[in-house]
Amino acid sequence: MNMALWFTLVGAALAAIALHAFFSRRHPLRRLIALNIMGSGIFLVLIGLARLYPGTLPDPVPHAMVLTGIVVAVSATAFGLVLLRRLARLGRGET
Amino acid sequence: MNPADLLVWLVLLPVLLAALLFVAPEGWRTRLGQLGTLLCASLALLLAWQVLQHGPISVALGNWQPPLGIRLHADGLSALMLALTALVALPLAAHAPAWFVRHEAAQSRAGAFFWPLWMFQWAALNLLFLAGDLFNAYVGLELSGLAAVALVALGGQRAALEAALRYLLLALFGSMLYLLGVALLYGAGGVLDLTLLGAQLEADHASRAALLLITLGLLIKTALLPFHFWLPAAHANAPAPVSAILSGLVVKASFVLLLRIWFEIFHPIGLGGAGEVLGALGIAAIIWGSLQAMRQERIKLLVAWSTVAQLGYLFLIFALAVELAWAGSVLHALSHGLAKAALFLAAGNIVLALGHDQIHRLHGAAGKLPLTFFTVALAGVSLMGLPPSGGFAAKWLMLQAAIDLGRWPYVVAIIGGSLLAAGYLFPLLRHALAGTHDPRQREGERLLSRWLEFPPLLLATLALLLGLMALLPMSLLSGGMPVSLR
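Thresholds, definitions, all that
Residues numbered from 1 in each chain as written. Chains lettered and ligands numbered in written order. Predicted model: local features only at pLDDT ≥ 70, side-chain atom pairs only at ≥ 80, totals over all residues. Heavy atoms only, no water. Axes fitted to C-alpha atoms, helices over the stretch in contact; angles between N-to-C directions. Helix = DSSP H or I, 4+ residues; strand = E, 2+ residues; numbered from the N terminus. Parallel < 35°, antiparallel > 145°, perpendicular 65-115°, else oblique. Left-handed = near helix turned anticlockwise from the far one by under 90°. Contact = heavy atoms within 4.5 Å. Nonpolar A, V, L, I, M, F, W, Y, C, P; charged D, E, K, R; others polar. Buried area = accessible area lost by both parts, 1.4 Å probe. Salt bridge = Lys/Arg side-chain N within 4 Å of Asp/Glu carboxyl O. pLDDT = per-residue confidence, 0-100. Phe/Tyr/Trp six-rings, centres within 6.5 Å; stacked < 30°, edge-to-face > 60°. Buried < 20%, exposed > 50% of the residue type's maximum accessible area, 1.4 Å probe, protein only. Expected span 1.5 Å × (residues − 1). Bend = angle between axes of the 7 residues up to and from the residue. 1 Å grid on protein atoms, 1.4 Å probe; cavity = no way out; pocket = protein on both sides within 12 Å on 5 of 7 lines; lining within 4 Å. Points joined across faces, edges and corners; volume = space filled by probe spheres on them.

**With respect to the packing of helix α11 (residues 274-295) of chain B against helix α12 (residues 299-314) of chain B**
All names here are of chain B.
Then, number 1: Running from amino to carboxyl end, α11 crosses α12 at an angle of 165°, the nearest separation of the two axes being 7 Å. Between α11 and α12, the interaxial angle falls into the category roughly antiparallel. When you trace α11 past α12, the crossing you get is left-handed. Contact residues: Gly282, Ala285, Ile286, Trp288, Gly289, Ser290, Gln292 and Ala293 in α11; Leu302, Trp305, Ser306, Val308, Ala309, Gly312 and Tyr313 in α12.
Then, number 2: Tallied by class, the residues present in the contact of α11 with α12 amount to 9 nonpolar, 6 polar and no charged.

**Overview of the interface of chain B and chain A**
Then, number 1: In this assembly, 28 residues from chain B lie in contact with 31 residues from chain A.
Then, number 2: Summed over both partners, the interface of chain B with chain A buries about 2,700 Å², with 87% contributed by carbon and sulfur atoms.
Then, number 3: Summed over the shared surface of chain B and chain A, the number is 0 salt bridges.
Then, number 4: Among the secondary structure elements, those contributing two or more residues to the side of chain B that touches chain A are α5 (134-153) and α6 (158-189) of chain B.

**Regarding the packing of helix α1 (residues 3-23) of chain B against helix α2 (residues 29-54) of chain B**
All names here are of chain B.
Then, number 1: Interhelical geometry of α1 versus α2 gives an angle of 165° and a closest axis separation of 10 Å. Classified by the interaxial angle, the pair formed by α1 and α2 is roughly antiparallel. Along this stretch, α1 crosses α2, giving a crossing that reads as left-handed. Facing Pro3, Leu6, Leu7, Trp9, Leu10, Leu13, Pro14, Leu17, Leu20, Leu21 and Phe22 of α1, the residues of α2 in contact are Arg29, Leu32, Gly33, Gly36, Leu39, Cys40, Leu43, Ala44, Leu46, Leu47 and Gln50.
Then, number 2: Tallied by class, residues from the contact of α1 with α2 come to 18 nonpolar, 3 polar and 1 charged.

**With respect to the confidence of the model for chain A**
Detailed reading of predicted coordinates is not advised where the pLDDT is low.
Then, number 1: With 94% of its residues at a pLDDT of at least 70, chain A reaches an overall mean of 88.
Then, number 2: Confidence, expressed as mean pLDDT per element, reaches its minimum in chain A at helix α3 (residues 60-94) of chain A with 88 and its maximum at helix α2 (residues 28-50) of chain A with 92.

**Brief notes about the packing of aromatic side chains**
Residues and elements named next belong to chain B.
Then, number 1: Using the criterion set out here, one finds 17 aromatic pairs over all chains in the structure.
Then, number 2: Each ring, one from Tyr167 and one from Trp230, has its centre 4.4 Å from the other, and the planes form 10°; the classification is stacked. Here Trp230 lies in the loop between α8 (205-222) and α9 (231-237) and Tyr167 lies in helix α6, a separation of 63 residues in the sequence. Pair check on accessibility: Tyr167 and Trp230 agree, each one buried.
Then, number 3: An angle of 10° between the planes, with centres 5.8 Å apart, marks the rings of Phe263 and Phe318 as stacked. In this pair, Phe263 sits in helix α10 (residues 240-266) while Phe318 sits in the loop between α12 and α13 (323-354), placing the two residues 55 residues apart along the sequence.
Then, number 4: Each residue in the set Phe255, Trp262, Phe263, Phe315 and Phe318 is aromatic and connected to the rest through ring pairs, giving one cluster.

**Focus on α1 of chain B**
All names here are of chain B.
Then, number 1: With 21 residues, α1 ought to run about 30 Å at 1.5 Å a step, and its terminal C-alpha atoms sit 31 Å apart, in line with that.
Then, number 2: Where α1 bends most, the angle comes to about 35°, and this point is Trp9.
Then, number 3: Here α1 has its buried residues at Ala4, Leu6, Leu7, Leu10, Val11, Leu13, Pro14, Leu17, Ala18 and Leu21.
Then, number 4: Buried residues along α1 sit in contact with α2, β1 (57-60), β2 (71-74), α3 (76-103) and α4 (110-130).

**A few points about the layout of surface pockets**
Then, number 1: Of the pockets and cavities examined, the largest pocket occupies roughly 810 Å³.
Then, number 2: Phe79 of chain A together with Phe22, Leu117, Leu146 and Ala150 of chain B are, among the 27 residues lining the largest pocket, the residues nearest its centre.
Then, number 3: Elements represented by at least two residues in the lining of the largest pocket include exactly α3 of chain A together with α4 and α5 of chain B.
Then, number 4: For the lining of the largest pocket, the residue count by class is 19 nonpolar, 5 polar and 3 charged.

Here it is, written out as structure tokens:
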């Protein structure tokens, strides 16, 4: 088994685990983390795809996609955390 | 300006404006935002005119040709959706500042952040309508989703934040599925460009799995039943101008992308029964959304559930895959965009003027707010699909397609959906019109300013006019019909 296929399989496994977590957990923080892990899994799949054909140069397009995806994931996570914190503070204010 | 430059500026200008609006002093933001709206809307309408005159326009950014470069492409469908966004944005630019000023007596500084976020949203919408490749569309989806969530959160109260968080999680989940599908497609074909993919895709397991993932992702974002559950809370708890943007425009963007992916990439290789499933879900959405809308007691929730129902119509095209239904579906996206924006703004006005949103307490409200309830009725005409509105023209085209194909369940659903729409819109008007003969209620000061009442009226009138001028969008569309349907 070459490295690329290994990356793809590990990525798929990570995405599947995270998918399960996203649906089985109720707390928004856990679901946000699940989404992050799912994102990492998908990025690994993309990196695997970049050198699916051994002996050729790695394809730069999936790398560019992963970089963009990471930026999106970081900002979305930060935004989700801000929302969560605001909600938590509101909750404390009420009780 | 070179027509190709228009495409680039339509994406770039709102982004630059959004960045500028974030740092601009709060006192300047309204004027700056209105000026920016005028600029962006003129560009969009100019582009629509260019496409009408000279046909589709394509531009390879930085002269890098696909598959390596990014292509922006404006065909009839993009031109119509860009024009719809511009036509909603213009009245909104007059309404939103007035609404936030009135609303803010009790609330936070939401109005100051409305403009930059809305400009980001606008940039994302334009990007989605112009994207010529799947990954660029992914960036548009994410930008649109994040801006939409932030706009919902502007509501500030607990319900709005909870709805925003749920919306965020589902939107992210949807785009993850979409990205995984795109990755599979890229692995199979080595290209991301829509046209190139359509030319070379083969009907194997990888492409079927990709289609399934992409479709699921986009269905979550478009809130087709059974993925609609996040929509009513998010759309109903957002500030009224935001609800108009979300219900009128944002859900349409992911639908347009789905439409392109199905009919430009996958339709040529044959989809089997998958389209039937989407069509059946569309029917289910029409029925379930309408029944829920009838049960609502809060006016904005009623309008939001009506969106769930009306989105169902859009998906009938996947089962009735013929040119007539395609045109009907696009026309429905346009007329619903205008009518629903009008209805949400009017609903926001009612809540603002009366201080509550209970439908059963609307008794006599039409006497106090005649213009706003006239807007509700006018927008309702288009939602129910009565002639001569845009909603009528759209449903008529779909009906004709369904009859031509002999698909009777669809005929029943299209007609029945209009009756159901009457079922949730008439009680609203009945409550408001009851007791308006009481002369004492006609006295007193004007409850809402002109800036609040006329923009929604304009939107509702546009939705009505769309039916009378349906030939204009049709001629734009005929040039951009997907090859697979011709």
